[in-house]
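Residue-level structure breakdown
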Amino acid sequence: MAISHTERRVVITGLGVVSCLGHSVDTFWTNLLAGQCGIDRISLFDPTQFDCQIAAEVRDLNATGAFPSAKDERRTDRYMKFALVAAKEALLDSGLDLDRCNRDAIGAFLGSGIGGLHTTEEQHKILLSKGPGRLSPFMIPMLILNMASGLFSMFHGLRGPNLATCSACATSSHAIGEAWRTLKMGDADVMFAGGSEATITPLGIGGFCAMRAMSTRNAEPKRAARPFDADRDGFVMGEGAGVVVLEDLEHARRRGARIYCEVMGYGNTADAHHMTVPSPEGEGAARCMRMALRSAGMAPEEIRYINAHGTATPQGDICEAQAIQTVFGAHARRLAVSSTKGATGHMLGAAGAVEMAVCSKAIQTGVVPPTLNLDHPDPACDLDLVPHVAREMAVDAIVNNSFGFGGHNACLVARRYVG
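Read on for an overview of the structure. (Residues numbered from 1 in each chain as written. Predicted model: local features only at pLDDT ≥ 70, side-chain atom pairs only at ≥ 80, totals over all residues. Heavy atoms only, no water.)

Things to note about the nonpolar core
Membership of the largest hydrophobic core comes to 69 residues, with the highest contact counts inside it found for Ile12, Ile205, Met237 and Leu246. Counting residues per element, this core draws most heavily on helix H13 (residues 351-365), which supplies 9 residues. Setting aside chain neighbours within four positions, we find Met237 in contact with Ala55, Ala56, Thr199, Ile200, Gly204, Ile205, Phe208, Met214, His346 and Leu348. Counting 33 residues, the second largest nonpolar core, distinct from the first, contains Val18, Val58, Ala148 and Phe152. (Core = buried A, V, L, I, M, F, W, Y, C linked by side-chain atoms within 4.5 Å. Buried < 20%, exposed > 50% of the residue type's maximum accessible area, 1.4 Å probe, protein only. Helix = DSSP H or I, 4+ residues; strand = E, 2+ residues; numbered from the N terminus. Contact = heavy atoms within 4.5 Å.)

Observations concerning the pattern of salt bridges
Evaluated as defined, the whole model comprises 25 salt bridges. Among the salt bridges present, the one from Arg9 reaches Glu262, with a minimum N-O distance of 2.8 Å. Taken as a pair, Arg9 in the segment before strand E1 (10-18) and Glu262 in strand E8 (residues 261-270) lie far apart in primary sequence, 253 residues in all. Note on Glu262: relative accessible area 2%, which makes it buried. A salt bridge links Arg212 to Asp51, with the shortest nitrogen-to-oxygen separation between them at 3.3 Å. Taken together, the residues span a long stretch of sequence, with Arg212 in the loop between helix H8 (202-210) and strand E7 (240-248) and Asp51 in the loop between strand E2 (40-41) and strand E3 (54-55) at a distance of 161 residues. What makes Arg212 exposed here is its relative accessible area of 68%. The class for Asp51 is partly exposed, based on a relative accessible area of 41%. (Salt bridge = Lys/Arg side-chain N within 4 Å of Asp/Glu carboxyl O.)

Remarks on the side chain of Gln123
Following the sequence through the fold, Gln123 ends up in helix H4 (residues 117-130). Ignoring sequence-local partners within four residues, the contact set of Gln123 consists of Leu135, Ser136 and Met139.

Next comes the structure, spelled out in structure tokens:
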């Protein structure tokens, strides 16, 4: 008997990460568990005039293997390079042989919160100094945020569903959730999903500084990002990309794929409250987590670990902690909850997918990463926040939270694969 679309099971079979902690999943995971922090003084431009002078930069990335030619690489923005390197790693990690697959049934949802900000700034300088005749004919293709997804499909001949999500810091979690739905509906057999961001530029840093959203702990870069700590003073910008390979279970089993975990549910809600401030007591986030658990058919008590959005903004961390306490009740104190942004900075549109890779590795290895710089836990965030040191534990099921400006909420639920 054929399996109905709604009964299709979806698993993660490949991971790719580009980050300040490494340009591969293995390097990233090793450094994350070791408690390393990738935040330092900004080197991409002179930050002296800025209130925030620190960020989590990706350094010394070799993107050559992700492009058909050096010419193709030159025609891309920094955010695209990150996305294509991470997607290529996810492809290799999955073990997919594209020549043996139906490429009409393989798609990509690779988003970005902001897109090609480096290109925008560079080309604007040219416009002002040299006039419109000197603008690059590749300016628009290099700055639009859908082009990473488009190029990946072109480079690998993937003719299935293809789009780019854009929902600020929830971007790549929405990409994964919508890819999950696409697979559940039978519109593809394999989906590459995630996001990329490269906003460590004068305009990007300056804009967030103007909002008073950034940490100004410039003298202590490694201690600046402090999720859930009473002394937190804002987030630290990160950059990079995360991509996961989601696959119909039967397709994965037929080819003998290694399975990290099974994606069970997805929530997608709006605060409908404020451009940048979360709804009171995390009401929208709580609805999102409940929706994800409901679609997973799972009880709150089945969850063992939550990768929190945890950006280290004063109000955001409290609202998320309140939302977790609302949804999980007495079980909230039995959960391990950590934010990895103390190590990676806030990667904006890439954050959710990188953190989904974290959740997949936690399920695979039975280790959860720590919350760095949690020296004085905020009493308003009364949870087990895994301070300072990674923890070995059984990780049977997880929740991954992402919340973005505009009131966008995304929540993913996954569990250990059981045949």
